[in-house]
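Per-entry structural report
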Amino acid sequence: MQAVVAEWVEQWRASMVRFAYLHLSSVDDAEDVVQETFAAVLSADRATLAAVEPRRYLFGILRNKVMDRLRQRYRAPSQTHDLEQEDLDALLFDQGGHWLGGVAPSAWHTPDSSTESEQFFQVLDICVNHLPQKPARVFSMKEFLECDAEEICGALAISKTDYWQSLSRARKQIHLCLNERWFGGGTLA
């Protein structure tokens, strides 16, 4: 059992720390929740470990550990220099509101089969980690931690309007990033 957990640590620890750091903004807190996650895994029985898909199992436990920390913490509004919506729109659309050349979303072919691959999740991780801090946190809490809007607004001390703008901004930027790095055949670099 310890050999399995050691293999999981080797394979997943870095991604887990990045995920935790995105939400907790502290390397120490991120390291702590990842350690707590692996401690919980070590206490699981062999049958459970043999029957689970490692990524889902580890990130499920980690998600709960991160949410526990966020609920305990009083969060002041983060001081970030995110792109304003107008700046993002200027990068994506012309004066008439049409997509600029080279940035329009393309049709994704067979996304269901592509999303099953671990490489896709590595690229998605890169795309999320290249977002400005606030949209990355909102997107990750919504899509990965499965929090509702009220919980996200409370944890990040943001308004509903800010929540929706951040989520929209994150989705647009992730869509562009995935078009470039995954569906368009770009590289991971």
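As a reminder, the structure under discussion sits directly above these lines.
Here the structure is a predicted model, which means the values were calculated and not measured.

**Quick notes on the environment of Ala136**
Considering the arrangement of structural elements, one finds Ala136 in helix H8 (residues 133-143). Taking C-alpha positions, Ala136 is 8.1 Å from Ser166, a pair spaced 30 residues apart along the chain. Excluding residues that lie within four positions of it along the chain, Ala136 makes contacts with Leu22, Val128 and Leu131.

**Things to note about the pattern of salt bridges**
According to the stated counting rule, one finds eight salt bridges in the structure shown. The shortest N-O distance in the salt bridge between Glu36 and Arg69 comes to 2.7 Å. One end of the pair, Glu36, is in helix H2 (residues 27-42); the other, Arg69, is in helix H4 (residues 54-72), with 33 residues separating them in the sequence. The class of Glu36 is partly exposed, set by a relative accessible area of 31%. Residue class for Arg69 comes out buried when judged on its relative accessible area of 19%. Bridged by salt links that share partners, the residues Asp29, Glu36 and Arg69 form one connected network.

**Points about the packing of H8 against helix H10 (residues 160-183)**
Angle between the axes and distance between the axes are the two parameters that describe a pair of packed helices. Direction vectors running N to C along H8 and H10 enclose 90 degrees, while the axes themselves pass 8 Å from each other. As summarised for this structure, H8 and H10 are arranged roughly perpendicular, according to the angle between their axes. Contacts between H8 and H10 involve Lys134, Pro135, Val138, Phe139, Lys142 and Glu143 from the former and Asp162, Tyr163, Ser166, Leu167, Arg169, Ala170, Arg171 and Ile174 from the latter. Grouping the amino acids of the contact of H8 with H10 by side-chain chemistry returns seven nonpolar, one polar and six charged.

Thresholds applied
- Residues numbered from 1 in each chain as written.
- Predicted model: local features only at pLDDT ≥ 70, side-chain atom pairs only at ≥ 80, totals over all residues.
- Heavy atoms only, no water.
- Helix = DSSP H or I, 4+ residues; strand = E, 2+ residues; numbered from the N terminus.
- Contact = heavy atoms within 4.5 Å.
- Salt bridge = Lys/Arg side-chain N within 4 Å of Asp/Glu carboxyl O.
- Buried < 20%, exposed > 50% of the residue type's maximum accessible area, 1.4 Å probe, protein only.
- Axes fitted to C-alpha atoms, helices over the stretch in contact; angles between N-to-C directions.
- Parallel < 35°, antiparallel > 145°, perpendicular 65-115°, else oblique.
- Nonpolar A, V, L, I, M, F, W, Y, C, P; charged D, E, K, R; others polar.

Keep in mind these values describe shape, not function.
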